[in-house]
Structures are given as C-alpha cells and as structure tokens.
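The primary structure of each chain is shown beneath.
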Amino acid sequence: MSIVKEFTKGLWAEIPPFRFVLGLCPTLAVTKSVETGIGMGLMLTFVLVFSNILISLLRKIIPPSVRIACFIVVIATFVVIVELVSQAYAYPLYQKLGIFIPLIVVNCIVLGRAEAFASKNGVVASIADGLGMGIGYTISLTVLAAIRELFGAGTLYGIKIMGPSFEPFTFMVSAPGAFVCLGLILCTMNLFGKAKDM
Amino acid sequence: MSDYLLMAVSAIFVNNILLAQYLGNCPFVGVSKKMDTAAGMAGGVVFVLTLAGVITWTIDFFLLRHFDLVYLRTIVFILVIAALVQFVETFLKKMVPPLYKGLGIFLPLITTNCAIFGVCIINVRKDFNFMETLVFSVTSAIGFGLALVIMAGLRERMATARIPKIMEGTAVTMITAGFMALSFFGFLGMA
C-alpha cells in the first residue's frame, strides 16, 4: 500500500517542479519543444531511479559525514552513462540538449531525493519514489513544453497544429517567456493548494 | 583586449547566465528574499565560480585531454566543485560566522548550483584558452550576482505590496524574473 503511495506522490501531491520547486534550470531551458522536454524527462527518470537504487543499497555503508560527496559520485556515474548512451544512439537529441545533459548531475531533484528519501528507505520504496518523481517531472516538462511550443512555434512535437495564418508568439520560446509561463503554471497549481516553499 | 571586454559585457548583460541561459535558478528563487543573503550568495558564487572555472579548465587541459579521459569530465568537475565548496564553507564558518549563518542551507547547495558547473562545462566545450576562461568565469559570476541582487531588491519591495493570493510565493517570483529577463533583452544591441 505504502509503495503505491510513494509512487503516486510524485505524480500530483509533490509533483516536481510545480509543487516541489526544484530543478528549475532544465525546466526552463529544455522546454522550447516537446521533443527535448520528454527527452530530458526520461533521462532524469533513468538517473533518478538508478541512483535511488544504489544509494538505498549503500545507505548503511556510506558514512554520514561524507554522504553528499558519495551521492554526487553515484549520480555523476549514471549521468555519464546517460550522456554516452544518448551520444551513441540519439545524437540529434544529444546535440539539442547540449550542456543540460551533464547538468543533470546538479539537478537538485536527484540529490534532494537521495538525501530525503533513498538514504533513509529500502530499495523497493526508493524505486517507487524515484520512478514517481521522474515520471512526474516528465509530465511537468511535457506540459510546459507543449504550451510553449504550441504558442511559440505553432507546432506540437514538430507537427504543425496552427493554421497558416497563425503568427508565432515568439515571446513564449524566448527566455522571458519561459519564466512567465512557468510562473503562470505555478499560479494555476496554487489554485489547488499552496506549493511547498523552498 | 577589446575581445575580453566584449566577452565581459556579453556575459554580464546580454547572455546573462541566469536570465538568458537559464543556469542557477534554484538559488535565484531560494535566496533572493532578503538583500543580505542575496549579496552573500552572490559573493560566494563569484569566489567559487572563479576558482572552479580556472581549476577545472586546468585539470581538463593538462590531465583529461592529455590522457584521453574526456568522458570522465562530468565526474571530475563535480568532485572538484564539491571539494571547493566544502573548503569555502569551512573557511566562512571559522572567519565570518554571521555570513555562514545567513547563507544556511544554500551554501552546501552551491555545489549543486548549475551556474557553477554549467560555466565550467561551457569553458571547456567552447575551447576557451586560459585568459578567456578566467574572464568568462568571473563575468558570468558577476552577471549572476547582479541578477540575484536586483531580484532581492524587487522582492523586498514586493513583500509590502498586495499580491493576488494565487500568485503568492514562487509564482510571482518567476513572473517578475520573466520581466527582468525581458528588460535584459534590451542589452542585445550592445554586443
């Protein structure tokens, strides 16, 4: 029962980054198009799940005083794996995401879950937590990216949606548009209760 | 010389690390509530980013490239940054306790500040030489500090303003940041 709860909390109650305001940089940077948004979400899910597993397995061995450094090494290892795999098999996506793939290392969500959850809980619960948070993050990025791509370029996942007379609202795909759009989504989330403050 | 000047202006204003490149947003939202913590964080970032930029570039140039270990970049860089932050933390705890208390949780979080790690990666990906690395690291950090301090000023004013209930908290901060980014777009003609 609790496993299901650990999984579903990442999907709504604590959905990152709308409720659990962490990991904003990639949220803003890679949501110009749905393709990059989903790509980043899936990569993060992979890193989150596997780092949660390993940290949860090692939680009794890692000395508390150097735990953050240990967590980061574990996370960085999985990020390198993602980086090399995407370079080999999904090169266009790798190029579009650019420096934001190595930047998964410093995504606060991964370290935050390692510190707050995986270092205190068993393997199965940690997998559920990582998977839930990762999928929640993917959903968030997809929603934000869909809004920005639709209004900013008139397309969705590269497919033309808006009619020929549509004038792209390029503000949405620029940096200020990213901030404002995320702000408006956070407003909408506030309608359903207060977000966790950082 | 003019190249470096152009690079500096570009990094501080035009391609501001925070507002145009989306790096370092967590501390931007987290510590911009009060001016003194924002200023402390800005100082910490300038210090750490300058050191980290130079040290990671040196390691990359003399060790990783030399021995064909470029794929280890991510791990090596993050370890160097983590060690540096630890050092700064110990130093502040001993020498400037009030600042240490003010920064609280966000000091260890400089480790996971994307701005630091991002700039280090940009330095080596763009094949900068040593001077370029130094200039880019310092000016990026100054750009980050500038945006952070301006934001803190705005948020201190906003604390007394009447904000619609649903906009409270992070939402209004993000929208303010959006308009700040828009105003920084005005510098686009300069470089």
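Residues numbered from 1 in each chain as written. Chains lettered and ligands numbered in written order. Predicted model: local features only at pLDDT ≥ 70, side-chain atom pairs only at ≥ 80, totals over all residues. Heavy atoms only, no water.

**Side note on the overall build of chain B**
Then comes step 1: In terms of regular secondary structure, chain B is built from 8 helices and 0 strands.
Then comes step 2: Going from N to C terminus, chain B has its helices and strands arranged as α-α-α-α-α-α-α-α.
Then comes step 3: Over its C-alpha atoms chain B spans a radius of gyration of 17 Å, differing by no more than 12% from the 16 Å that the globule rule assigns to 191 residues.
Then comes step 4: Projected onto its principal axes, the C-alpha positions of chain B cover 60 × 45 × 30 Å.
Then comes step 5: When each of the 191 residues of chain B is scored for burial, the buried share is 51%.
Then comes step 6: Within chain B, counting contacts between residues at least 6 apart in sequence, those at least 24 apart form 76% of the total.
Then comes step 7: Of the roughly 8800 Å² that chain B leaves accessible, carbon and sulfur atoms contribute 70%.
Then comes step 8: Here chain B contributes 13 positively and 9 negatively charged side chains, and the mean placements of these two sets differ by 12 Å. (Helix = DSSP H or I, 4+ residues; strand = E, 2+ residues; numbered from the N terminus. Rg over C-alpha atoms; globule rule 2.2 N^0.38 Å. Buried < 20%, exposed > 50% of the residue type's maximum accessible area, 1.4 Å probe, protein only. Contact = heavy atoms within 4.5 Å. Areas by Shrake-Rupley, 256 points an atom, 1.4 Å probe, with all protein chains shown as cover. Lys, Arg positive; Asp, Glu negative; His and termini not counted. Charge placed at Lys NZ, Arg CZ, Asp CG, Glu CD.)

**Overview of the confidence of the model for chain A**
Then comes step 1: When pLDDT is averaged across chain A, the result is 88; 96% of the residues are at 70 or more.
Then comes step 2: Per-element averaging of pLDDT across chain A places helix α1 (residues 2-9) of chain A at the bottom with 84 and helix α3 (residues 34-57) of chain A at the top with 94. (pLDDT = per-residue confidence, 0-100.)

**As for the interface of chain A and chain B**
Then comes step 1: Of the residues lining the interface, 45 residues belong to chain A; the matching set on chain B comes to 39 residues.
Then comes step 2: Between chain A and chain B the total buried area reaches about 3500 Å² when both faces are included, carbon and sulfur atoms providing 80% of it.
Then comes step 3: The tally of links between chain A and chain B comes to 1 salt bridge.
Then comes step 4: Glu83 of chain A is the partner of Arg125 of chain B in a salt bridge, and the nearest nitrogen-oxygen pair spans 3.6 Å.
Then comes step 5: Inspection of the region where chain A meets chain B yields 2 residue pairs in polar contact (both at pLDDT 80 or more).
Then comes step 6: When residues of the side of chain A that touches chain B are traced back to their parent elements, those giving at least two are α2 (24-29), α4 (67-89), α6 (108-118) and α8 (175-190) of chain A.
Then comes step 7: If one sorts the elements of the side of chain A that touches chain B by residue count, α8 of chain A sits on top with 11 residues. (Buried area = accessible area lost by both parts, 1.4 Å probe. Salt bridge = Lys/Arg side-chain N within 4 Å of Asp/Glu carboxyl O. Polar contact = N/O pair within 3.5 Å; in protein donor to acceptor, adjacent residues only side chain to side chain.)

**Quick notes on the layout of surface pockets**
Any empty space left between the atoms is revealed when a probe the size of a water molecule rolls over them.
Residue and element names in this part refer to chain A.
Then comes step 1: Estimated volume of the second largest pocket: approximately 260 Å³.
Then comes step 2: Lining the second largest pocket are 16 residues, and of these Ala29, Val30, Lys32, Lys96 and Phe100 lie nearest its centre.
Then comes step 3: Per-element accounting of the lining of the second largest pocket gives the leading share, 3 residues, to helix α5 (residues 91-97).
Then comes step 4: Per-class residue counts for the lining of the second largest pocket are 9 nonpolar, 5 polar and 2 charged. (1 Å grid on protein atoms, 1.4 Å probe; cavity = no way out; pocket = protein on both sides within 12 Å on 5 of 7 lines; lining within 4 Å. Points joined across faces, edges and corners; volume = space filled by probe spheres on them. Nonpolar A, V, L, I, M, F, W, Y, C, P; charged D, E, K, R; others polar.)

**Description of the packing of helix α6 (residues 114-125) of chain B against helix α7 (residues 130-158) of chain B**
All names here are of chain B.
Then comes step 1: Here α6 crosses α7 at 150 degrees, and the two axes come no closer than 10 Å. Here α7 runs roughly antiparallel to α6, going by the angle between their axes. The way α6 lies across α7 gives a crossing that is right-handed. Listed contacts from α7 to Ala115, Val119, Ile122 and Asn123 of α6 are Thr133, Phe136, Ser137, Ser140 and Phe144.
Then comes step 2: Tallied by class, residues from the contact of α6 with α7 come to 5 nonpolar, 4 polar and no charged. (Axes fitted to C-alpha atoms, helices over the stretch in contact; angles between N-to-C directions. Parallel < 35°, antiparallel > 145°, perpendicular 65-115°, else oblique. Left-handed = near helix turned anticlockwise from the far one by under 90°.)

**A few points about the packing of aromatic side chains**
Residues and elements named next belong to chain A.
Then comes step 1: This structure, assessed with the given rule, holds 12 aromatic pairs over all chains.
Then comes step 2: Relative to Phe50, the ring of Phe46 lies with its centre 4.7 Å away and its plane at 40 degrees, an arrangement referred to as tilted. Of this pair, Phe46 and Phe50 both sit in helix α3, 4 residues apart, roughly one helical turn.
Then comes step 3: On the basis of relative accessible area, Phe50 is assigned to the partly exposed category, the value being 36%. (Phe/Tyr/Trp six-rings, centres within 6.5 Å; stacked < 30°, edge-to-face > 60°.)

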